[in-house]
Amino acid sequence: MCLALVVVVQHFSRLSLGDAAVCLFFVLSGYWIYVMWEKQYSYTRNKYFTFLTSRFWRIVPTFLLCSAITFALYPRLIPTEFAAIASSLFVIGYRNLSQLPIVPAWSLDIELQFYILFPLLFLLFHKVDRRIAVGGLVCWSAISVAILYYRSGAVMTEPLPQILVLFMIGAAAARSRWVPPRALTLASAGLTVGMLGLGLSVPALRDMILGGSNAGANFVYNPVFNLVLALAAVPLALSTVHVKSSKLDRAFGDLSYIVYLMHWPAFIFVHNNFGELPPLQRLPYALLALGVVFIVSVAIWMLWDRPINRARHAWVRGRMRLGPVNQGIGQPAA
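Residues numbered from 1 in each chain as written. Predicted model: local features only at pLDDT ≥ 70, side-chain atom pairs only at ≥ 80, totals over all residues. Heavy atoms only, no water.

Caption draft 1: Layout of the overall build of the chain. When helices and strands are counted, the chain shows 13 helices and zero strands. Across the chain, helices and strands are ordered from the amino to the carboxyl terminus as α-α-α-α-α-α-α-α-α-α-α-α-α. Whereas a compact globule of 334 residues would reach a radius of gyration of roughly 20 Å, the chain reaches 20 Å, a difference of no more than 12%. By its C-alpha atoms, the chain is 60 × 45 × 40 Å across when sized along the principal axes. Within the span of the chain, comprising 334 residues, buried residues form 47% of the whole. Sequence separation of 24 or more characterises 75% of the internal contacts of the chain that already satisfy a separation of 6 or more. Charge separation in the chain, taken as the distance between the mean sites of 26 positive and 12 negative side-chain charges, equals 12 Å. (Helix = DSSP H or I, 4+ residues; strand = E, 2+ residues; numbered from the N terminus. Rg over C-alpha atoms; globule rule 2.2 N^0.38 Å. Buried < 20%, exposed > 50% of the residue type's maximum accessible area, 1.4 Å probe, protein only. Contact = heavy atoms within 4.5 Å. Lys, Arg positive; Asp, Glu negative; His and termini not counted. Charge placed at Lys NZ, Arg CZ, Asp CG, Glu CD.)

Now the structure itself:
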């Protein structure tokens, strides 16, 4: 939920740290997808089909409902071209649309492309020595930062290989069963906080973080700052996967996906109706809109997302052969 809220804050303020949150989500996604493939999907019948069906089943139905709500509120966003309609139904290609009905959903396109490639990447990963893999990921990350710097582009528009490294960092951590040492976790937290502190206190760096209509000349480097910030926070983020979660934690995890999508129509409403107001005068309307988003998101989770997810879990369990699940070994839900 924390990462989703960072994205929400970016859209309702000048604080532009959403790309860092999405990058960290990709790292965590790579970790959990590796774990789920190794402990569950690899023990199912027609494992590639089961894996892809399950992952599309997890993402697409709730995405379609949130899209339908957005279209009902803003009919002008309804796509009319065939490619746009197809991407709005199946997500693949969504980030390349000229007009994204739900802008944050660009990351779902990347996520699904990773799912399609993951079984092949899993096989290749196991043929490479771990030290070589780690060294390759370090170089890959550095090259991605350098390309982003020289292109002055956005993470959202970068080619898939540059973003794929984030998933593979998480997968590498899962493969090696890596638990970040406490000292490294604290150093990662300190570096992350330090970068944010310097970014907000030093004028030249502040322009990299604060966007909006009054963005400074250095805001062009915001994507690079976000990517470096995310890489600095990787040990801190990966330390959280070893903390035992409660049912409430998992519920908030599911809810964060819905909030991530549903805050966008609320942002459009606030921007269209109160965008000309000074930030402090606009704040009550933004908070009220986000309150409505949370209530609607809870309703969607209870009446739509959770029942669909339970049906998906049951379908995956029904396709299990003898493996960790049948032997009682715990792991995250598929």
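Following the structure, the description resumes.
Caption draft 2: Representation of the state of the cysteines within the structure. One pass over the structure, following the stated rule, counts zero disulfides. Here Cys-23 stays free of any disulfide, with the sulfur of Cys-2 as its closest cysteine sulfur at 17 Å. On the basis of relative accessibility, which here comes to 1%, the residue Cys-23 falls in the buried class. Cys-139 takes part in no disulfide bond, and the closest cysteine sulfur, belonging to Cys-23, lies 19 Å away. (Disulfide = S-S within 2.5 Å.)

Caption draft 3: Focus on the packing of aromatic side chains. Applying the stated criterion to the full structure yields 23 aromatic pairs. Seen in terms of ring centroids, Trp-37 and Phe-118 are 6.1 Å apart; in terms of plane orientation they differ by 75°. Their pairing is edge-to-face. Here Trp-37 is found in helix 2 (residues 18-39), whereas its partner Phe-118 is found in helix 5 (residues 106-125), with 81 residues between them in sequence. For the pair formed by Trp-37 and Phe-118, the shared burial category is buried. Where Trp-37 meets Phe-122, the ring centres are 6.1 Å apart and the plane angle is 55°; that geometry is what we call tilted. Remark: Phe-122 occurs in helix 5 and Trp-37 occurs in helix 2; sequence separation between them is 85 residues. Members of the aromatic cluster, joined through ring pairs, are Phe-25, Phe-26, Tyr-34, Trp-37, Tyr-41, Phe-51, Trp-106, Phe-114, Tyr-115, Phe-118, Phe-122 and Phe-167. Looking at Arg-306, its charged tip hangs above the ring of Trp-301, at a distance of 4.5 Å from the centre. (Phe/Tyr/Trp six-rings, centres within 6.5 Å; stacked < 30°, edge-to-face > 60°. Lys NZ or Arg CZ within 6 Å of the ring centre and 35° of its normal.)

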